[in-house]
Amino acid sequence: MNHVMSGKVVFLTGASSGIGEALAREYARQGAILALAARRTQLLEKIKKDCESLGARVEIFSCDVVVEGDVRRTVADINKKLGPIDVVIANAGVSGSFKVGRFNTELSAKIIDVNVKGLLYTIGAVLPEMLKRNTGTVVGISSLASYISFPQSYVYCASKSAVSAILQGLRLELSESNIQVTTICPGYIRTDMTASNQFTMPFLMNVDVAAQRIVRAIARGADVYDFPRRMRWIIRVLSLLPQKMIALPFRGGRDVKASSNK
Ligand SMILES: NC(=O)c1ccc[n+]([C@@H]2O[C@H](COP(=O)([O-])OP(=O)(O)OC[C@H]3O[C@@H](n4cnc5c(N)ncnc54)[C@H](OP(=O)(O)O)[C@@H]3O)[C@@H](O)[C@H]2O)c1
């Protein structure tokens, strides 16, 4: 077994399913000490057992990332129970889309709250200690959707553009420090979030493969990690097309109901 993360404290938000859960198992295999946070603690209990059977030390935390006090309390608890955080991965997120005729401000606010404010609260709670120690790794899970906006899901795209912008600025400001800031931009990954998508998802990737790639990108100190690369190229090409052509596949055929994964 590869124990490269032995003794390192990894704090993961959104660890109860999907990418977060797969990252937890991957870091457990690497010998990390895990602080797993989410709202559904029953799911976290099971993941904790699995990670412990892989040899990891694990603590779980009930935490709603939209509630800043919750996040601060969680980080204080982690410091007390496990010691200073070496790697924080702001992964918690929700998606959602709606047709313009059913413009949904409630869902829009939720997407911005969880994806943007949640990430800010998470990073804001962890950074002071990292700055004091002048060491640590800050990771945000953005998306290839941060590079382009689509009909119906533009609020999600906007939330991920904000995530990428926040992390880029933070990285530049911390460039003289010993703190690494990594932006992860996945394409389509098979998780609960994508399970209800009623359209063909190009290059849909297995979540464990995605987690392995993410962990490798963080370990090599990547600034931005876009994957799968073929999907990144498609988005590059789409960005060069006239706007009306991007919208074409959405005319009529793709009827996405107002939906959110949670
Ligand atoms: N799947 C993809 O194709 C894809 C592609 C690009 C980027 N991403 C990003 O990857 C991240 C993980 O998504 P996923 O695909 O793994 O989806 P998922 O399986 O639905 O997991 C989402 C996680 O976020 C947590 N979460 C949601 N709202 C929360 C809140 N208010 N407070 C705390 N935790 C909250 C959930 O935990 P609880 O409900 O238990 O709190 C859950 O653990 C998201 O940021 C997503 O935008 C996903």
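In what follows, the structure referred to is the one given above.
Structure report, in brief. (Residues numbered from 1 in each chain as written. Predicted model: local features only at pLDDT ≥ 70, side-chain atom pairs only at ≥ 80, totals over all residues. Heavy atoms only, no water.)

Focus: the site of the ligand
So, point 1. Looking at the ligand, there are 33 residues lining it, with Ser16, Ile19, Arg39, Tyr156 and Thr191 nearest.
So, point 2. One of the side-chain N or O atoms of Arg39 is found 2.7 Å from an oxygen atom in the ligand.
So, point 3. For the shell around the ligand, the secondary-structure elements that each account for two or more residues are α1 (18-29), α5 (154-173) and α6 (192-195).
So, point 4. For the shell around the ligand, the element with the most residues is α6, which contributes three residues.
So, point 5. For the shell around the ligand, the class distribution of residues is 15 nonpolar, twelve polar and six charged. (Near = heavy atom within 4 Å. Polar contact = N/O pair within 3.5 Å; in protein donor to acceptor, adjacent residues only side chain to side chain. Helix = DSSP H or I, 4+ residues; strand = E, 2+ residues; numbered from the N terminus. Nonpolar A, V, L, I, M, F, W, Y, C, P; charged D, E, K, R; others polar.)

Section: unusual backbone geometry
So, point 1. Residue Phe227 is joined to Pro228 through a cis peptide bond whose omega torsion reads -10°.
So, point 2. Turning to its location among the elements, Pro228 is positioned in the loop between β8 (224-227) and α8 (229-240).
So, point 3. The phi angle at Asn134 is positive, at roughly 50°, despite the residue not being glycine.
So, point 4. With a phi close to 75°, Gln152 is a non-glycine residue in the positive phi region.
So, point 5. Take Gln152: it is sitting in the loop between β6 (136-141) and α5.

Concerning helix α4 (residues 105-133)
The α-helix winds at 3.6 residues per turn, so residues separated by three or four positions along the chain end up facing the same way.
So, point 1. With 29 residues, α4 extends 41 Å between its outermost C-alpha atoms, agreeing within 8% with the 42 Å of an ideal straight helix rising 1.5 Å per residue.
So, point 2. Residue Asn104 occupies the N-cap position of α4, its side-chain oxygen lying 3.2 Å from the main-chain nitrogen of Glu106.
So, point 3. At the C-terminal side of α4, Asn134 shows a positive phi close to 50°. (Expected span 1.5 Å × (residues − 1).)

A look at the packing of aromatic side chains
So, point 1. The tally for this structure, following the rule as stated, stands at four aromatic pairs.
So, point 2. Arranged with centres 6.0 Å apart and planes meeting at 65°, the rings of Tyr188 and Phe199 form a pair that is edge-to-face. Here the residue Tyr188 occupies a position in the loop between β7 (179-186) and α6, and Phe199 occupies one in the loop between α6 and α7 (207-219), the gap between them amounting to eleven residues.
So, point 3. Taking 4.8 Å as the distance between ring centres and 10° as the angle between the ring planes, the aromatic pair formed by Tyr225 and Phe227 counts as stacked. Across this residue pair, the class does not change: Tyr225 and Phe227 are buried.
So, point 4. Sitting over the face of the ring of Trp233, Arg236 holds its NZ or CZ atom 4.7 Å from the ring centroid. (Phe/Tyr/Trp six-rings, centres within 6.5 Å; stacked < 30°, edge-to-face > 60°. Buried < 20%, exposed > 50% of the residue type's maximum accessible area, 1.4 Å probe, protein only. Lys NZ or Arg CZ within 6 Å of the ring centre and 35° of its normal.)

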